[in-house]
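Structural description and commentary
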Amino acid sequence: MAAKAEAEPEAVLKLLLCFLLCLTTCLLSSCQAAASESKNNVNENLNVNKYKFRYPFIKEASSFSSSSTSFSSSRNGNGNGNGFDYIVVGGGTAGCPLAATLSQNFSVLVLERGGVPFSNVNVSFLENFHLNLADTSPTSASQYFISTDGVLNSRARVLGGGSSINAGFYTRASSGFIKRVGWDAKLVNESYPWVESQIVHQPKLAPWQEALRDSLLDVGVSPFNGFTYDHIYGTKVGGTIFDRFGRRHTAAELLASANPKKITVLIHATVQRILFDKSAAGKKPKAVGVIFEDENGKQHQAFLANNPNSEVILSCGAIGTPQMLMLSGVGPKTELKKLNISVVLDNENVGKGMADNPMNSIFVPSNRPVEQSLIQTVGITKLGVYIEASSGFGQSKDSIHCHHGIVSAEIGQLSTIPPKQRTPEAVQEYIKNKKELPHEAFKGGFILEKIASPASTGKLTLINTNVDDNPSVSFNYFSHPRDLKRCVHGVRTAAKLVQSQHFLNYTQCDKQSLEAILNASVKANVNLVPKHTNDTKSLEQFCKDTVITIWHYHGGCHVGKVVGRDYKVLGIDKLRVVDGSIFNESPGTNPQATVLMMGRYMGVKILRNRLGKAAGV
């Protein structure tokens, strides 16, 4: 069997690794899940009817009437006739639980630039996870961006935010993280279960995940802590937002807990900028509303209620929130003036300190069929390295016929052909060869290693004033030597797992040398970083060459620099931030659980601060 594996043509090996684009780097293509089209059409119709019945307050943005600031009171009985108590910009992982909580007592308007996840089959089903990331259409739930580092990434463009496009793993932050951010531990421990009882499940462990569990224990990542949401050193099984039928449950479903009489959720509502009142001499500017564009391109204004406690709350994510602040005139004065943006507040820290947890991956071929699985098992080491795994997505017949995004041959970025030789004929020949690959050539999975709390940071800046365009983002992966040192440790651990008897028994492949494993990986089209294919003995170079993302970017609106400890924007009244842009580090092995919890936590905090015991939450 080893001979068979080693006899694979080099091109096939590259394509095998190229599949990593669909799974772990958010690379994008236009192909959809055509194989199950008829079933999906039926499911889509059922889901549309279901969400309209369960969430009658979700409406198209064009239903909003700009002619009256009392839209909420005249249409739905929300508000006081003078606008909304809270305008939440971004119906994402934090925005949905936040809005649902605030609506228990006050009128809330949620503005989400994307559509709903309920009727999108590529969002809803685990088997279509990679196809969701591969959709480059303008209405896709996933909007790609490329950092200046050359790493491909993705940001959500759908109600539910990142919880609608991620790998679904759910695990809490450490107690140390909770202390460092200064949260009330009692309220934290009330807010996590509020989320978990509605959308989180215990996974049925897939064989690939079992092999990872046993191999982690063999190489010393112990003890085994069983199934738990808690962040504990050793090996454990975490939760998932995919149920036993493989259906995704997103943050959008937390809106079912909202007061339907006090909440309005507008989809395809793209906020252009925040509106400020700067008329009071000697006083801070204050947010009074927002301008947004509906699905037809028509602009609307939505205003806050005339109440000192009303707020605009940004929950646009670590990319969207710094971008929105700068587009609204809050940010570095020199940068804003370059784009003729009127300066509301000069703050050079907006967009600074951006970070992403770098990840590297090793492909594990298999001589037997591999069941699809996303992250279920994780190894938490004391050196700040996390080990996870995924499997089986390369077996999709749809994937073989898809192009694989920004660095695929179809758009002229084939890494194995020098740029000047990337003729249309060469590209078409590459496509033809790939389409004729046997289905069995794509069997296998990945071992993923990533580092926690990277010391390397970068920045976010505007390219233009179009909110639909991605800003320029730099993460400066491995610019700090400590990050590189930990990556080397992680890659060594991952390689040991690939060579472990548990994986060899499962894949029915013979053991390969470390150099062979790394040499196959370094040739893959996983990013736009220049490769050093003759230097695979250097693990430091391997880390740099094959770095990818697992979407755990954070920062840009740090506490003490852009927002206060209550997350209100410094120097601005009635404007707050509630999302991962305020974090100095990504919580836990995967941030989803804590960002979901944060939305609930901050909603309760705001209500209690405003109403005391009368809040009832």
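The name given to the chain in an unreviewed UniProt entry is Protein HOTHEAD-like, with the source organism recorded as Melia azedarach.

Re the state of the cysteines
Evaluation of the coordinates by the stated rule reveals one disulfide. Here Cys-557 is not disulfide-linked; the sulfur of Cys-316 is the nearest cysteine sulfur, at 9.4 Å.

Some words on the sheet that holds strand E3 (residues 108-112)
Read from one edge to the other, the open sheet built from six strands follows the order E1-E10-E3-E2-E14-E25, with strand pairing classed as parallel. Strands with a single pairing partner mark the edges of an open sheet, and in this sheet they are strand E1 (58-60) and strand E25 (575-577). Between one strand axis and the next, the sheet turns by 20° as a mean value, whatever way the strands run. Relative to E3, strand E2 (residues 86-89) is paired through four bridges, and the arrangement is parallel. Across the sheet, Val-89 pairs through a bridge with Leu-111, a residue of E3.

Here's the deal with the environment of Ala-318
Structurally, Ala-318 can be placed in helix H12 (residues 317-327). Ignoring sequence-local partners within four residues, the contact set of Ala-318 consists of Met-354, Leu-460, Tyr-553, His-554, Gly-555, Gly-580 and Ser-581.

A short note on the confidence of the model for the chain
Here the chain averages 84 in pLDDT, while 78% of its residues score no lower than 70. Note that residues 67-80 has pLDDT below 50 and, in this model, 33 contacts with residues that lie over four places away or in other chains. In this model residues 399-419 is a low-confidence stretch, pLDDT under 50, and it forms 69 contacts with partners more than four residues away in sequence or in other chains.

A look at the sheet that holds strand E17 (residues 352-354)
Read across the open sheet, the three strands follow the order E17-E22-E23; overall the sheet is antiparallel. Looking at strand neighbours, the two that pair on one side only are E17 and strand E23 (472-474), the edges of this open sheet. For this sheet the average axis-to-axis angle between neighbouring strands, irrespective of direction, equals 35°. For E17 and strand E22 (residues 458-461), the ladder comprises two bridges, and the chain directions are antiparallel.

A look at the pattern of salt bridges
As enumerated under the stated definition, the model contains eleven salt bridges in all. With a shortest N-O distance of 3.9 Å, Arg-610 and Asp-85 are connected by a salt bridge. Of this pair, Arg-610 sits in helix H20 (residues 592-611) while Asp-85 sits in the loop between helix H5 (71-76) and E2, and the two are 525 residues apart along the sequence. The class of Asp-85 is buried, set by a relative accessible area of 8%.

What about H20?
The end-to-end C-alpha distance of H20 is 29 Å, a good match for the 28 Å that 20 residues give at a rise of 1.5 Å each. Across the 20 residues that make up H20, a large majority, 16, are buried. One or two residues past the end of H20 sits Gly-612, with phi positive at roughly 65°.

As for unusual backbone geometry
In this chain, Ser-222 is followed by Pro-223 through a cis amide linkage whose omega measures 5°. Within the secondary structure layout, Pro-223 lies in the loop between helix H11 (207-218) and strand E7 (224-227). Its identity as a non-glycine residue notwithstanding, His-268 has a phi of 55°, on the positive side. With respect to the helices and strands, the residue His-268 is situated in the loop between strand E10 (263-267) and strand E11 (270-277). For Ser-453, which is not a glycine, the phi torsion comes out positive at approximately 45°. The residue Ser-453 is located in the loop between strand E21 (444-451) and E22 in this model. We classify Ser-453 as partly exposed; its relative accessible area is 29%.

Observations concerning the packing of aromatic side chains
Counted by the stated rule, this structure contains 17 aromatic pairs. When the centroid spacing of 6.0 Å and the interplanar angle of 75° are considered together, the rings of Phe-177 and Trp-183 count as edge-to-face. The burial state of Phe-177 is the same as that of Trp-183; both residues are buried. Residues Trp-208 and Phe-503 carry aromatic rings whose centres are separated by 5.1 Å and whose planes lie at 65° to one another, so their mutual orientation is edge-to-face. Placement of Trp-208 in helix H11 and of Phe-503 in helix H17 (residues 501-507) is noted, with a sequence separation of 295 residues between them. On the basis of relative accessibility, which here comes to 0%, the residue Trp-208 falls in the buried class. You can call Phe-503 buried: its relative accessible area is 0%. An aromatic cluster is present here, built from Phe-145, Phe-475, Tyr-477 and Tyr-553 joined pairwise through their rings. We note Arg-213 situated over the ring of Phe-224; from NZ or CZ to the ring centre the distance is 5.9 Å. Cation over ring: Arg-610 sits above Phe-106, and NZ or CZ is 3.8 Å from the ring centre.

A few points about helix H6 (residues 95-102)
Burial analysis of H6 places eight of its eight residues in the buried class, the great majority of the element. If you check which residues of H6 are buried, you get Gly-95, Cys-96, Pro-97, Leu-98, Ala-99, Ala-100, Thr-101 and Leu-102. The inward-facing, buried residues of H6 contact E2, E3, helix H10 (185-199), E10, strand E14 (311-314) and H20.

Some thoughts on the side chain of Ser-500
Inspection of the secondary structure assignment puts Ser-500 in the loop between helix H16 (481-498) and H17. For Ser-500, a relative accessible area of 9% gives the class buried.

What counts, and where the lines are drawn
- Chains are numbered independently. Their residues run from 1 in the order of the written sequence.
- pLDDT decides what is reported in this predicted model: residues at 70 or higher carry local features, side-chain atom pairs at 80 or more are listed and counted, and totals for whole chains, interfaces and linings draw on all residues regardless.
- The basis for every side-chain value is the complete set of non-hydrogen atoms in the structure, without hydrogens or water.
- Note on terminology: disulfide denotes any pair of cysteine sulfur atoms within 2.5 Å.
- Two strands are counted as paired when DSSP detects at least two bridges linking them.
- Helix and strand definitions follow DSSP, with helices as H or I runs of at least four residues and strands as E runs of at least two, each counted in order from the N terminus.
- Axes here refer to lines fitted to C-alpha atoms; in helices the fit is confined to the stretch in contact. Angles between the N-to-C directions go from 0 to 180 degrees.
- Whether two residues touch is decided by their heavy atoms; if any such pair falls within 4.5 Å, the residues are in contact.
- pLDDT is a residue-level measure of predictor confidence that goes from 0 to 100.
- Salt bridges are defined by distance alone: a side-chain nitrogen of Lys or Arg within 4 Å of a carboxyl oxygen of Asp or Glu.
- Only protein chains enter the accessibility calculation, which uses a 1.4 Å probe; a residue whose area is less than 20% of its type maximum is buried, one above 50% is exposed, and one in between is partly exposed.
- Any helix carries an expected span of 1.5 Å times its number of residues minus one.
- In this analysis, rings of Phe, Tyr and Trp, with Trp reduced to its six-membered ring, are considered paired at centre separations within 6.5 Å, and the interplanar angle assigns stacked below 30 degrees, edge-to-face beyond 60, and tilted for intermediate values.
- Throughout this description, the term charge over a ring refers to an Arg CZ or Lys NZ atom that lies within 6 Å of the ring centre and within 35 degrees of the ring normal.

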